[in-house]
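Okay, here's what each chain looks like letter by letter:
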Amino acid sequence: MQHAIILPLLVFILVLPRPARVAEPLGPSRSLRVVFLETSAFVGGYLMIFSEGLGLLKQLGQGGAAICWGIGILITGPSACRKACS
Amino acid sequence: MKAWQVLRGRGHKPEKRDLIFGAALAFILGLLLAIAWLSPPNNTDSLQYHMSRVMHWAQDHSFSAYDTAYPPQLFEPIWAETAILNLRLLWGNDQLSNLVEWGSLLGSLVGVSVIAKLLGASRKGQWVAIAFAASLPMAILQSTSPQNNLVTAFWLVGLVYFAVLSAQRNLFFEELLGLALTLGLGLATKATFYPFAVPPLLYFVVQQFIRNKPYRVTGQGLLIAGIVLALNLGFWVRKLITFGGPLGPADSVETSTFSGLTPGVIAGRLVGNIFLNLDTPKDSLNAQITSWLKKVFLPIDPHIWNYRLVSGWNYEDVAGNPLHLFLIPISWLLLFNNRKQILWKLIVQYCLIMISLYLMLAIVVNSSVSDGRYQLPFFIASAPVSGIDIEALPKKALSVTALLLIASLPWVLFNRTRPLIAMRPSNTPFTIPCLADCTAQSILIEPPVRILFASVIDLQGPYTLATTAIRESSCRSVGLQIDSHDLEYPFWWLLDAPQSGIHLETIYPAEGLARYLGPNFKPCAILCSICREKPVCTV
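Residues numbered from 1 in each chain as written. Chains lettered and ligands numbered in written order. Predicted model: local features only at pLDDT ≥ 70, side-chain atom pairs only at ≥ 80, totals over all residues. Heavy atoms only, no water.

Undergrad: Any chance you could break down the overall build of chain A for me, citing the residues and the numbers?
TA: When helices and strands are counted, chain A shows 3 helices and 0 strands. Looking at chain A residue by residue over its 86 residues, the buried ones come to 55%. A total accessible area of about 4,000 Å² is found for chain A, and carbon and sulfur atoms account for 76% of it. (Helix = DSSP H or I, 4+ residues; strand = E, 2+ residues; numbered from the N terminus. Buried < 20%, exposed > 50% of the residue type's maximum accessible area, 1.4 Å probe, protein only. Areas by Shrake-Rupley, 256 points an atom, 1.4 Å probe, with all protein chains shown as cover.)

Here it is, written out as structure tokens:
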């Protein structure tokens, strides 16, 4: 059961390595730390939206949460793979 | 992982000091992670409502309103607890509950380092900023609990970052989304974020109008409003239905915010907030300070009559940040000396945002004795400026960074209710004498149930006795007859509910919430804290 905890971590990791667009004034160092901030906000927003949705359907249980995090992996996975391989 | 290599490749090669400070910071964060991992939630607020509401949601599979003796369970914002709920659903129990605040501390440190960079700090200055935030006593103490002030600080740091970036160039679309999300998530996390959000948001709006045409600003505004609404609509609507307003019960909102607001009251609150960071270990000295404050401010601020200073340097409900309170104005004074070497205009604007944050807290929030923690987002957001100014001191920046990190250790090691090393008059392992207040027993040797009750040790016996009677029976429907300020979560923890199959419902709800009593709920046992002096179980 505890293995399911990997799901939100995977979503975070899959969103994280998208190369941030570089622009002044932050220049090169914008990359990882800024992407970390943006990723936290994206994942935090996703968590809020799907939790509210599950709550509305009275499905806010382990199964519902695992499915929603799984959908998150399906959404972010292909894009992350493309970027990693390109 | 080419993308990862791209990200890493953009950073500078770490220097020796980066490795040393990185290792020191990792050591501190590692110790805090161990405390968060080993300790069950035991902060009073968490036992009262942060964790209790998570249990109700897990049991009900929804955020719908329920009957409770403590209405803040229903009207306080929900994001931090929603994150805790997700962790508990996926992990199966509450062991990860403290990690949301710990993760927020980590995120806040990343955030302040990026803001420091944005304001022109070198890597040295960024390290000072990180050390400043990481050594805040309140941040250290809270990072191992399931409260929400560090989460609030994290979203505020994100919002401030995007707002300040918008002063330098137009935001990319994903950055605009980031700004909207940090705003929406902050509002969904804690009510104190409402006043904190005003200064950076106003700053962003002004920058947009300076830089862009009105139709573009309007478009951005609509996008931000839409995202904020999407994140908060469900919660606001539930409060509207239950309490008649999107912020909660009208009387509660009024007494904790604008009640009797005058310039004198604001001044009283401002000075009161400052002194919440200056509590001393001596109760008599605290009483003298309080008496002086009342004498000076009572004519202009009647609310200060209730003001109290409570000693508790290592307790997350009342600990202050005295060193950092002085470092902030000192570092701002240093600005004048270094104004030719730094991004003077941007930093002054940043300082004005910080001053506005502190003012907004005094204007909007009627703080009481244990509300020093509300100031935490301000202190963390102030770290970048301190980093820049201290960096400018010749040959001092590295020493200050090292000193700040070392100075954080007492709060890491001697947390009053979750100490790694206990301060007690005993010879047990991991224990030293009570050098500065006594603490609970070390979490390295204490059983979890003792840690759970560390701040209310007298209650362990009655709570355990009452719940053991239920666990040994076949009863699975338990009614809670508790007072508004009783600790609800320990009942859930001791009964291992809801995953044990035991269903708990309040049968003595607060006024106006009786309509949420389940019509079909027939308890076969009642846990009562108000029937006698101590909690009892009636079967």
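Undergrad: Give me the overall build of chain B: which residues, what numbers.
TA: When you go through chain B residue by residue, the secondary structure sums to 23 helices and 6 strands. Relative to the compact-globule value of 24 Å for 539 residues, chain B shows a C-alpha radius of gyration of 24 Å, a close match. With respect to the principal axes defined by its C-alpha atoms, chain B has extents near 75 × 65 × 60 Å. Looking at chain B as a whole, 57% of its 539 residues are labelled buried. Counting only contacts in chain B whose residues sit at least 6 apart along the sequence, the fraction spanning at least 24 positions is 75%. Accessible area of chain B: about 21,300 Å², with a carbon and sulfur share of 65%. Taking the average place of the 39 positive charges on the side chains of chain B and the average place of its 32 negative ones, the gap between the two points comes to 13 Å. (Rg over C-alpha atoms; globule rule 2.2 N^0.38 Å. Contact = heavy atoms within 4.5 Å. Lys, Arg positive; Asp, Glu negative; His and termini not counted. Charge placed at Lys NZ, Arg CZ, Asp CG, Glu CD.)

Undergrad: An account of the packing of aromatic side chains is needed here, citing residue identities and associated values.
TA: The final tally for this structure, using the stated rule, is 18 aromatic pairs over all chains. Between F50(A) and W69(A), the aromatic rings sit 5.1 Å apart at their centres with planes inclined by 85°, giving edge-to-face as the arrangement. Of this pair, F50(A) sits in helix α2 (residues 31–56) while W69(A) sits in helix α3 (residues 62–85), placing them 19 residues apart in sequence. Note on F50(A): relative accessible area 7%, which makes it buried. Each ring, one from Y161(B) and one from F162(B), has its centre 5.0 Å from the other, and the planes form 65°; the classification is edge-to-face. For F162(B), a relative accessible area of 0% puts it in the buried group. Here the guanidinium or amino end of R169(B) rests over the ring plane of F172(B), the centre of that ring lying 4.6 Å away. The ring of W305(B) is capped by K294(B), whose NZ or CZ atom sits 5.3 Å from the centre of that ring. (Phe/Tyr/Trp six-rings, centres within 6.5 Å; stacked < 30°, edge-to-face > 60°. Lys NZ or Arg CZ within 6 Å of the ring centre and 35° of its normal.)

Undergrad: Outline the state of the cysteines, listing residues and values.
TA: All names here are of chain B. Counting across every chain of the model gives 3 disulfides over all chains. The disulfide partner of C434 is C438, and the S-S distance across this bridge is 1.9 Å. Here C434 and C438 share a disulfide; its torsion about the S-S bond, 110°, makes the bridge right-handed. Taking the relative accessible area as the measure of exposure, C434 reaches 30% and is therefore partly exposed. Using a relative accessible area of 41% as the deciding quantity, one classes C438 as partly exposed. Covalent S-S linkage joins C528 and C531, the inter-sulfur distance amounting to 1.8 Å. Because the torsion about its S-S bond is 100°, the bridge between C528 and C531 counts as right-handed. Ordering the disulfide-forming cysteines of chain B by sequence position, one finds them joined as 1-2, 3-4, 5-6. (Disulfide = S-S within 2.5 Å.)

Undergrad: Break down empty space enclosed by the protein for me, with residues and values.
TA: Residue and element names in this part refer to chain B. In the structure shown here, the tally under the stated rule is 3 cavities of 30 Å³ or more. If you add up the space inside the largest cavity, you get close to 110 Å³. Lining the largest cavity are 14 residues, with F63, A65, Q73, L74 and R238 positioned closest to its centre. Elements with a contribution of two residues or more to the lining of the largest cavity: α3 (44–60), α4 (72–75) and α12 (214–243). Of all the elements, α12 adds the most residues to the lining of the largest cavity, at 5 residues. Looking at side-chain class alone, the lining of the largest cavity contains 8 nonpolar, 3 polar and 3 charged residues. (1 Å grid on protein atoms, 1.4 Å probe; cavity = no way out; pocket = protein on both sides within 12 Å on 5 of 7 lines; lining within 4 Å. Points joined across faces, edges and corners; volume = space filled by probe spheres on them. Nonpolar A, V, L, I, M, F, W, Y, C, P; charged D, E, K, R; others polar.)

Undergrad: A description of the pattern of salt bridges should follow, citing residues and the corresponding values.
TA: Residues and elements named next belong to chain B. Going through the model one piece at a time under the given rule, you end up with 9 salt bridges over all chains. Between D45 and R373 there is a salt bridge; the shortest N-O distance is 2.9 Å. Of this pair, D45 sits in helix α3 while R373 sits in the loop between α17 (344–364) and α18 (376–391), and the two are 328 residues apart along the sequence. Both residues of the pair, D45 and R373, count as buried. The residue D94 makes a salt bridge to R88 at a minimum N-O spacing of 2.4 Å. In this structure, D94 and R88 share a single accessibility class: buried. (Salt bridge = Lys/Arg side-chain N within 4 Å of Asp/Glu carboxyl O.)

Undergrad: I'd like a description of helix α6 (residues 99–118) of chain B, backed by residues and values.
TA: Here α6(B) spans 28 Å end to end across 20 residues, near enough to the 28 Å set by a 1.5 Å rise per residue. Directly beyond the C-terminal end of α6(B), a positive phi value near 105° is found at G120(B). (Expected span 1.5 Å × (residues − 1).)

Read these as geometric descriptors, not functional statements.
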